[in-house]
Every structure is written in C-alpha cells, then in structure tokens.
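Notes for the structure review
What follows is the residue order along each chain.
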Amino acid sequence: MKTSNENIVLTGDRPTGKLHLGHFVGSIQNRIALQNQYDQCFYMVADIQALTDNADNPEKVRNNAFEVVLDNLAVGLDPEKTTCFIQSQISEIAELTVLFLNLVTLARLRRNPTVKDEMKQKGFGENVPAGFLVYPVSQAADILFCNSNIIPVGEDQLPVIEQANEIVVKFNSIYGETFRKIQPMISATPRLIGIDGNAKMGKSLGNAIYLDDPKEDVEKKVMMMYTDPKHIHKSDPGNVKGNVVFTYLDIFDPNKDEVKTLKKQYEAGGLGDVEIKKRLVGVLEEVISPIRDRRRELAKKPKLIEEILFEGTKKTRQVAKETMGKVRRQIKIDYFG
Ligand code: TRP
C-alpha cells in the first residue's frame, strides 16, 4: 500500500566492497521495506563518494559498483519500485556540490563527527584529500538534487544528514525557499557488532559476515565468535551480555521465547558454546542462503544489471535537470533561460 506520493526516499552505498550483515540490518532491510510504502524511491551507487578516498584505485570502485547492486537486488531491492542509478553519471550532483560548498565552512566540516571518525580510521591526519573532507556536502547534493526527504541510513550517517539540513536552511535563507528538510530513518538495529565483539562490523576490521559468504565461511566465523571468556566448561555459568552469539540470536532468531530460555540456561550453566553456535549457524543460514542463491543467479546476468542501472540513470537525469533549472534560477545563474 502506498501511503504517500509526496515523500521521496533516497539511499546509497559506497562501492568499496561487498556488503555484510551490518549493512543488512542497518540499512538494506529498511530500504526494502520503504520501497513498498513510498511511491518514489531512489538507490544510488555512490561511486564519486567512494573515489574520495580511493582516487588511486578506480578498478576497485568500478568492480564494487556491480557488487553492491547485486547485494541489494539479492536482498530484495526491486528496480520496478526503486530507481537505481550511478552517482557519477548525474553531473548535476557535482554542479550542486560546488554551489553548496559556498554555504559550509571548513571548520564545520572538520567538526563533523562522522568525518572525524573516518579520518582517524583511515589515518589521514592533515593530509586528508579535500574531496573526502567535503563529502558531506556532496552527500547533501545526492539527497537534494532529486528532492528526496526520507533517507534510510546507518546510525553513523546521522551527522552527515544533520549537516545536509544545515545546508537546506542556509540555502533557503539566502536564495529563497527551495529545498525541504531531510528526515533520516534509522533501522531498529542501527549497528551490528562484529564477530570479534568490536562495536562495529566492518570490512576493514576483518570481522564481517558477508551476504554472499558460503555456508562453510558462516560456520567458521560463528565458531570464531567472541562469547564469554570465563565460560570455559559447559557447566560454567556464562554471561549473555556482550556475548556476540546471543546478541546475534536476539537480532536474527525468529523464536524469541526459545532464545530467552537458552539465555537462562547459559547463565545458569549447562549450555555449551558449540551448541549455541550451531543454533546460530542455522539461524543465519535461514537469512543468508536465499540471498546467496539469488545473488548467484543475478551474477550470471551482468547485462540485466547494466540495463537496470542504465534505465534508472536515464530516469534520474530528468529529475536532476528539473531541480538544477530551479536552483540556477534561485541563484541567478540562469543566464540564457
Ligand atoms: N555515505 C553513505 C555510506 O557511507 C553512502 C551515501 C552516499 C549515501 N550518498 C548518500 C547514503 C546519500 C544516503 C544518502 O553509507
């Protein structure tokens, strides 16, 4: 059931690697649900953003553009409902970025917590590429060029959306009412801990379970999962808090009552790690195996994926032209009509 034809949803992934369970619970599931609620949905391959810290590795970005689309389609993104396009093919986004850059200070960008975290993680220091430092501005353009206002993202993206809203306010106050406020939409599970117990699952952290991991890898990774280091013998009372296996069961196991009983058993002593890990393998397989199968089938049809992106990009260009026309009028750079 469509609830509104006014709201416009947009989301995207940086094509820097295959997507994992953290993306699945943090954003992909949400975007799949939203495509059934809203008339207008966009999915963007954020290749220009990926290049801001991979300028020297265009092959990686190009190859992963295909992979992230496959991941999303395999989970259930429907190109009939969601227009899929490639950021670099919409030149208006770059144009809008340049205009937005005048409305943001370097000091403000340096204070953006998401940018700060990522800069630290990537070890940039003062040698941060300018394009990377200003990516929140380009992300505001990603969102606003098509007038989207509902943005399903992971929790880490909230400061970026906040900054985009500051750009909206500034733009409107200088050039007149043009853009509307943006609403981030956070999933019920905005963050998934890594298999090692690290607060975040991440490719660079080496603690991820990928959406196309073969069953053997899922098994291996679950068996490696951090549990309770004091739970040595099956009979020892164990801790379920901070225990990755139980955290995952809470999220992925559909049988909440059984999980509750198992937790009690584990806390009392008498439930072994291997036993509970075997259950988790089964639960994760239920989630991953249909995705993996669909992904394999889709991967055999590269022409189909290309067609989806080609058509989606074509459609998106029209929207971009309209917005840019309006923006040019507002900023008085519409010289020749
Ligand atoms: N920065 C987002 C991420 O790293 C990807 C992205 C780029 C995005 N442009 C966007 C997400 C616009 C939502 C809207 O996941």
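Moving on, we get to the packing of aromatic side chains. Taken as a whole and assessed by the stated rule, the structure comprises eleven aromatic pairs. Summarising the aromatic geometry, the rings of Phe171 and Phe179 are spaced 5.0 Å apart at their centres and angled 65° between planes, so their arrangement reads as edge-to-face. The exposure classification of Phe171 matches that of Phe179, with both residues buried. Through pairs of rings, three or more aromatic residues link up here, namely Phe100, Phe171, Tyr175 and Phe179. When the ring centre of Tyr135 is taken as reference, the NZ or CZ atom of Arg14 above it lies at 4.6 Å.

Attention now goes to the site of the ligand. Taken together, 13 residues lie near the ligand, and Met44, Gln49, Gln139, Asp142 and Gln157 sit nearest. Take Gln49: an N or O atom from its side chain is 2.7 Å from a nitrogen atom of the ligand. Gln139 places a polar side-chain atom, nitrogen or oxygen, 2.9 Å from a nitrogen atom of the ligand. Look at the ligand: alone it shows 370 Å² of surface, and the protein chains cover 89% of it. Listed by contribution, the elements that provide at least two residues to the shell around the ligand are strand S1 (4–13), helix H8 (135–144) and strand S4 (150–153). Tallied by class, residues from the shell around the ligand come to six nonpolar, five polar and two charged.

Okay, the domain arrangement of the protein next. When the domains of the protein are assigned, the result is domain 1 (8–193 + 302–331) and domain 2 (212–296). Each of domain 1 and domain 2 has a C-alpha centre, and the two are 34 Å apart. Listed per partner, the contact involves 13 residues of domain 1 and twelve residues of domain 2. Overall, the association of domain 1 and domain 2 removes approximately 1100 Å² of surface from exposure, summing both partners, and the carbon and sulfur fraction of that is 67%. Three residues, Leu21, Ala74 and Ile193, lead the burial of domain 1 against domain 2; their summed loss comes to 46% of the area buried on that side.

In this section: the nonpolar core. A general feature of soluble globular proteins is that nonpolar side chains tend to end up buried together. The biggest cluster of nonpolar side chains holds 52 residues, and the ones touching the most others in it are Leu21, Phe24, Ile209, Met225, Tyr248, Phe252 and Leu284. The residues that make up this core include at least three from each of domain 1 (8–193 + 302–331) and domain 2 (212–296). In this structure, Phe24 is in contact with Gln29, Val75, Leu211, Phe252, Val287 and Ile291, ignoring residues within four places of it in sequence. Counting 43 residues, the second-largest nonpolar core is a separate cluster that includes Leu10, Ala46, Leu109 and Val115.

Another aspect to go through is the pattern of salt bridges. For the structure on display, the rule yields 21 salt bridges. With a closest N to O distance of 3.8 Å, Asp212 and Arg295 form a salt bridge. Of this pair, Asp212 sits in the loop between strand S5 (183–186) and helix H10 (215–224) while Arg295 is found in helix H13 (residues 273–299), placing the two residues 83 residues apart along the sequence. By relative accessible area, which is 18% here, Asp212 ends up buried. The salt bridge involving Lys263 is made with Asp250; its shortest N-O contact spans 3.0 Å. Taken together, the residues Lys263 in helix H12 (residues 256–268) and Asp250 in helix H11 (residues 244–252) connect sequence positions 13 residues apart. The network of salt bridges with common partners includes Lys18, Glu67, Asp71, Asp212 and Arg295.

Reading guide: rules and limits
- Residues numbered from 1 in each chain as written.
- Predicted model: local features only at pLDDT ≥ 70, side-chain atom pairs only at ≥ 80, totals over all residues.
- Heavy atoms only, no water.
- Phe/Tyr/Trp six-rings, centres within 6.5 Å; stacked < 30°, edge-to-face > 60°.
- Buried < 20%, exposed > 50% of the residue type's maximum accessible area, 1.4 Å probe, protein only.
- Lys NZ or Arg CZ within 6 Å of the ring centre and 35° of its normal.
- Near = heavy atom within 4 Å.
- Polar contact = N/O pair within 3.5 Å; in protein donor to acceptor, adjacent residues only side chain to side chain.
- Areas by Shrake-Rupley, 256 points an atom, 1.4 Å probe, with all protein chains shown as cover.
- Helix = DSSP H or I, 4+ residues; strand = E, 2+ residues; numbered from the N terminus.
- Nonpolar A, V, L, I, M, F, W, Y, C, P; charged D, E, K, R; others polar.
- Domains from an automatic or database assignment.
- Contact = heavy atoms within 4.5 Å.
- Buried area = accessible area lost by both parts, 1.4 Å probe.
- Core = buried A, V, L, I, M, F, W, Y, C linked by side-chain atoms within 4.5 Å.
- Salt bridge = Lys/Arg side-chain N within 4 Å of Asp/Glu carboxyl O.

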